[in-house]
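# Report on the structure
Residues per chain are reported as follows:
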Amino acid sequence: MLEEKLLIECKHWKGKIDVGVIRNLIGVAISQEELPTGIIIATTSRFTQDAKDVTINKTVKVKLDRKDFDDIIDWIEKYDAVQLSAEEANAYFKCLFSI
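Please read all numbers here as calculations on a predicted model, not as lab measurements.

Quick notes on the rules
Residues numbered from 1 in each chain as written. Predicted model: local features only at pLDDT ≥ 70, side-chain atom pairs only at ≥ 80, totals over all residues. Heavy atoms only, no water. Pairing = 2+ DSSP bridges. Helix = DSSP H or I, 4+ residues; strand = E, 2+ residues; numbered from the N terminus. Axes fitted to C-alpha atoms, helices over the stretch in contact; angles between N-to-C directions. Expected span 1.5 Å × (residues − 1). Buried < 20%, exposed > 50% of the residue type's maximum accessible area, 1.4 Å probe, protein only. Arc of directions from axis to C-beta. Right-handed = clockwise from strand over helix to strand, strands pointing away. Core = buried A, V, L, I, M, F, W, Y, C linked by side-chain atoms within 4.5 Å. Contact = heavy atoms within 4.5 Å. Polar contact = N/O pair within 3.5 Å; in protein donor to acceptor, adjacent residues only side chain to side chain.

### Quick look at the sheet that holds strand β2 (residues 38-43)
Sheets are built from strands paired through backbone hydrogen bonds, the pairs being either parallel or antiparallel. Strand order in the open sheet formed by 3 strands is β1-β2-β3, and the pairing between neighbours is parallel. One side of each edge strand has no neighbouring strand; the edge strands of this open sheet are β1 (6-11) and β3 (63-67). Strand-to-strand twist in this sheet, taken as the mean axis angle between neighbours without regard to direction, amounts to 10 degrees. One ladder, built from 5 bridges, connects β2 with β3; its direction is parallel.

### Details of the environment of Glu33
Of note, Glu33 is situated in the loop between α1 (19-30) and β2. Once the C-alpha coordinates of Glu33 and Lys58 are considered, the two residues, 25 residues apart in sequence, prove to be 19 Å apart.

### A few points about α1
For α1, spanning 12 residues, the distance from its first C-alpha to its last is 17 Å, which sits close to the expected 16 Å at 1.5 Å a residue. For α1, the complete set of buried residues consists of Val19, Val21, Ile22, Leu25, Ile26 and Ala29. The arc that holds every buried residue of α1, seen down its axis, measures 160 degrees, which confines them to one face. For α1, the exposed residues lying more than 90 degrees away from the buried face are Arg23 and Asn24.

### Focus on the pairing of β1
Judged from the 6 bridges that link them, β1 and β2 form a sheet pairing that is parallel. Residue pairing for β2: Ile8 is matched across the bridge by Ile40. The handedness of the β1 to β2 crossover, carried by α1, is right-handed.

### Concerning the nonpolar core
Among the nonpolar cores identified, the biggest contains 15 residues, and Ile22, Ile26, Ile39, Ile41, Phe47, Ile56 and Leu64 are the most heavily contacted of them. For this core, the secondary structure elements donating two or more residues are α1 and β2. Residue contributions to this core peak at 6 residues, all from α1. Here Ile39 is in contact with Leu7, Leu25, Ile26, Ala29, Ile56, Val62, Lys63, Leu64 and Asp65, once residues within four sequence places are set aside. Core analysis: the next-biggest nonpolar cluster, separate from the first, contains 7 residues, Ala42, Phe69, Ile72 and Ile76 among them.

### Notes on the side chain of Thr43
Tracing the backbone through its elements, the reader meets Thr43 in strand β2. Looking at Thr43, its side chain comes within polar contact range of the main-chain nitrogen of Ser45, at 2.9 Å. Here Thr43 is in contact with Lys11, Ile17, Lys67, Asp68, Phe69 and Ile72, once residues within four sequence places are set aside.

### Some remarks on the environment of Thr44
Tracing the backbone shows Thr44 in the loop between β2 and α2 (49-53). Only 2.8 Å separates the side chain of Thr44 from the side chain of His12, close enough to count as a polar contact.

In structure tokens form, the structure reads like this:
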């Protein structure tokens with residue numbers, strides 16, 4: 001049985017998440033004594049194109065996953081985490097950015 005060990009970082013930024021954030025998280029992951037099986041960076045914002053394009057060397061067996069605003073909304077709907085419609089959840093997150 002394969003045990004999953006995930007390294008997850010969450011960002012609640014108004015601006016886009018750039019490649020530096022992704023590279024820093026990869027650096028943290030590969031410096032661990034025991035490598036995680038996956039890395040997830042989740043944001044209520046978006047990713048720059050460079051952040052979307054960055055990859056991990058194929059010799060390192062760690063899966064990199066990026067989840068942006070739309071993915072967070074999909075998670076909420078999929079798991080019924082919050083009893084809001086997609087439109088209500090969308091409005092809620094957009095409201096957070098105006099604070």
